[in-house]
Protein chains: 2
Amino acid sequence: MVDILHRIGVTSSPDEVYGALTTVGGLASWWTEDTDGDGAVGGVLRFRFVAGGFDMKVLETRPAELVLWEVVDGPEEWIGTQVRFELKQEDGFTIVLFRHEGWKEPVEFMYHCSTKWATFLMSLKRLLETGRGEPAPDDVKISNWH
Amino acid sequence: MVDILHRIGVTSSPDEVYGALTTVGGLASWWTEDTDGDGAVGGVLRFRFVAGGFDMKVLETRPAELVLWEVVDGPEEWIGTQVRFELKQEDGFTIVLFRHEGWKEPVEFMYHCSTKWATFLMSLKRLLETGRGEPAPDDVKISNWH
């Protein structure tokens, strides 16, 4: 099992970061505009992109601390993996420790997803700090795989 | 052992990408301006940042295909790890498969380095596609750890 790891710091409160991770409006403003569903525990969030998408079941949420999803539909490599956002405060930043865990193999698609997650987390940071993120379909393109 | 993985595509030739990975001038234009040393096999490249730096021994190079370094000095967690850039052509892009391999533990610093590598690889892409990268000290800041 292999994981994708990232860490960013945002100059907003943990509550604001948590809101951007648990509400459809927040998620649609940094990951993909085509987001719907229910961000509460037990709910399913549906994220759609030009080339497909992901359905995430919300496994656990702790205000200002943790959001944990399990991928229940999407690319085969993603199904059953978990996406974890841990929040903490440090030096005036809200730190987001991100982990997309449980990949079976380090396939090339995982290399791609690792870099895409970084650009989307920077979009989350930008949203919170400037009011404007870069969600799909106007997300930062990194390669032929978009 | 855990690895950091990334994948970007650059609309430049493999030779141009290879040049940006093996020459001091190329490396200084996307990673850190304070770069010197020797990018040929057996040489040591020295990369310096405000808060420290890395010395990389060049283990292997294959024009337009591969660059492999071993970290011989720097933060304790980095020493002995390897940094690998594999190049290939696909759909009119030069694909860079990046791997920073051999971390002993997924410590928080590894989360940080994973995201920083993504932003530096995007700097490499920007350098090659626009003529101007974002090397340190004017690199993209991602958190309290810079």
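Residues numbered from 1 in each chain as written. Chains lettered and ligands numbered in written order. Predicted model: local features only at pLDDT ≥ 70, side-chain atom pairs only at ≥ 80, totals over all residues. Heavy atoms only, no water.

## Topic: the overall build of chain A
Basically, it comes down to this: Strands are runs of DSSP state E lasting at least 2 residues, helices are runs of H or I lasting at least 4, and numbering of each runs from the N terminus. C-alpha atoms define the radius of gyration in this analysis, and the globule rule sets the expected value at 2.2 Å times the number of residues to the power 0.38. Buried, partly exposed and exposed residues are distinguished by accessible area as a fraction of the type maximum, computed with a 1.4 Å probe on protein chains only: under 20%, between the cut-offs, and over 50%, respectively. Any two residues having at least one pair of non-hydrogen atoms within 4.5 Å are treated as being in contact. The Shrake-Rupley method, run with a 1.4 Å probe, gives the accessible areas here. Residue values count only the displayed protein chains as cover. For the purpose of counting charges, residues Lys and Arg are taken to be positive, whereas Asp and Glu are taken to be negative. His and the chain ends are not included. By convention, charge coordinates are those of NZ in Lys, CZ in Arg, CG in Asp, or CD in Glu.
Looking only at helices and strands, chain A features three helices and seven strands. Reading chain A from its N end, one meets helices and strands in the order β-α-α-β-β-β-β-β-β-α. For 146 residues, the compact-globule formula gives about 15 Å, and the C-alpha radius of gyration of chain A, at 14 Å, lands near that figure. Along the three orthogonal principal directions, the C-alpha set of chain A runs to about 35 × 30 × 25 Å. Here chain A holds 146 residues, and 51% of them are scored as buried. In chain A, the proportion of contacts linking residues at least 24 apart, taken out of those at least 6 apart, comes to 47%. Carbon and sulfur atoms form 49% of the exposed surface of chain A, whose accessible area is close to 6200 Å². Charged side chains of chain A number 14 positive and 24 negative; the gap between the two group centres comes to 2 Å.

## What about the packing of aromatic side chains?
Aromatic ring pairs are reported here in terms of the distance separating the ring centres and the angle at which the planes meet. For clarity, the threshold we go by: What counts as a ring pair is set by centres within 6.5 Å for rings of Phe, Tyr and Trp (its six-membered ring), and what kind of pair is set by the plane angle: stacked under 30 degrees, edge-to-face over 60, tilted for all other angles. For a lysine, the NZ atom is tested; for an arginine, the CZ atom; a charge sits over a ring if that atom is within 6 Å of the ring centre and within 35 degrees of the ring normal.
Across all of its chains, the model carries 36 aromatic pairs over all chains by this definition. When the ring of Phe54(A) is compared with that of Trp78(A), the centres are 3.8 Å apart and the planes differ by 15°; the resulting orientation is stacked. You can see Phe54(A) sitting in strand 4 (residues 52-62) and its partner Trp78(A) sitting in the loop between strand 5 (66-73) and strand 6 (82-90), a full 24 residues away along the chain. In terms of burial, Phe54(A) and Trp78(A) fall into one category: buried. Over the ring of Trp145(B) we find Arg7(A); its NZ or CZ atom is 3.5 Å from the centre of that ring.

## Describing the pattern of salt bridges
All names here are of chain A. We count it as follows: For this analysis, a salt bridge means a side-chain nitrogen from Lys or Arg found within 4 Å of a carboxyl oxygen belonging to Asp or Glu.
Here the structure, examined in full by the defined rule, presents 30 salt bridges over all chains. Residue Arg99 is joined to Asp3 by a salt bridge in which the shortest nitrogen-to-oxygen separation is 2.6 Å. With Arg99 in strand 7 (residues 93-103) and Asp3 in strand 1 (residues 2-10), the pair connects residues that are 96 residues apart, well separated along the chain. Counted as one network, the salt bridges with shared partners bring together Asp3, Arg84, Arg99 and Glu101.

## Observations concerning the relation of the copies chain B and chain A
Under the convention used in this document: Copies are brought into register by a least-squares superposition over C-alpha atoms of residues with pLDDT of at least 70 in both.
For the pair chain B and chain A, the best superposition has an RMSD of 0.0 Å and corresponds to a rotation of 180° with a translation of 0.0 Å parallel to the axis. Taken together, the rotation angle and the small translation identify this as a two-fold axis. Within chain B, Ala118(B) has its C-alpha nearest the rotation axis, a separation of 3.2 Å.

## Some remarks on the sheet that holds strand 4 of chain A
Residues and elements named next belong to chain A. Counted only if it meets this: When DSSP finds at least two bridges between two strands, those strands are taken to pair. Note on method: axes are straight lines fitted to C-alpha atoms, helices fitted across the in-contact stretch only, with angles between N-to-C directions ranging 0 to 180 degrees.
A sheet is described by the order of its strands in space; here seven strands give the open sequence 1-7-6-5-4-3-2, paired in antiparallel fashion. Lying at the two open borders of the sheet, with one neighbouring strand each, are strand 1 and strand 2 (34-37). Adjacent strand axes in the sheet meet at a mean angle of 20°, parallel and antiparallel pairs treated alike. Across nine bridges, strand 6 lies against strand 7 in antiparallel orientation. Across the sheet, the residue bridging to Glu90 is Phe93, located in strand 7. Set on the sheet, helix 1 (residues 14-22) makes contact with strand 1, strand 4, strand 5, strand 6 and strand 7; between it and strand 6 the angle comes to about 165°. Relative to strand 1, helix 3 (residues 108-130) is tilted by about 15°, and along the sheet it contacts strand 1, strand 3 (44-49), strand 6 and strand 7.

## Regarding the side chain of His112(A)
With respect to the helices and strands, His112(A) occurs in helix 3. Setting aside residues no more than four positions away along its own chain, His112(A) makes contact with Ile142(A), Ser143(A), Trp145(A), His146(A) and Arg7(B).

## Let's talk about empty space enclosed by the protein
Over the atoms, a rolling probe the size of a water molecule traces out where space has been left empty. Applied cut-off: Note on definitions: the grid is 1 Å and covers protein atoms alone; a cavity is a set of points where a 1.4 Å probe fits but cannot get out; a pocket is an open set with protein on both sides within 12 Å along at least five of seven lines; lining residues have an atom within 4 Å of a point. Grid points are joined across faces, edges and corners, and a volume is the space filled by probe spheres set on the points. Ten residues, namely Ala, Val, Leu, Ile, Met, Phe, Trp, Tyr, Cys and Pro, are considered nonpolar, four, namely Asp, Glu, Lys and Arg, are considered charged, and the remaining ones, Gly among them, are considered polar.
Scanning all chains against the criterion turns up two cavities of 30 Å³ or more. The computed volume of the largest cavity comes to approximately 50 Å³. Together, Asp3(A), Ile4(A), Leu5(A), Met110(A), Ser114(A), Asp3(B), Ile4(B), Leu5(B), Met110(B) and Ser114(B) line the largest cavity. Grouping the amino acids of the lining of the largest cavity by side-chain chemistry returns six nonpolar, two polar and two charged.

## What to know about the pairing of strand 1 (residues 2-10) of chain B
Residues and elements named next belong to chain B. Burial analysis of strand 1 places seven of its nine residues in the buried class, the great majority of the element. Strand direction decides the pairing type here: strand 1 and strand 7 (residues 93-103), joined by eight bridges, are antiparallel. The residue of strand 7 that forms the bridge with Gly9 is Ile95.

## Here we look at the pairing of strand 4 of chain A
Residue and element names in this part refer to chain A. Relative to strand 4, strand 3 runs antiparallel, the two being bridged by six bridges. Looking at strand 4, one finds that Val44 is bridged to Lys57. Connecting strand 3 to the next strand, strand 4, in antiparallel fashion are two residues. The sheet contact formed by strand 4 and strand 5 spans seven bridges and is antiparallel. Across the sheet, Met56 pairs through a bridge with Val71, a residue of strand 5.

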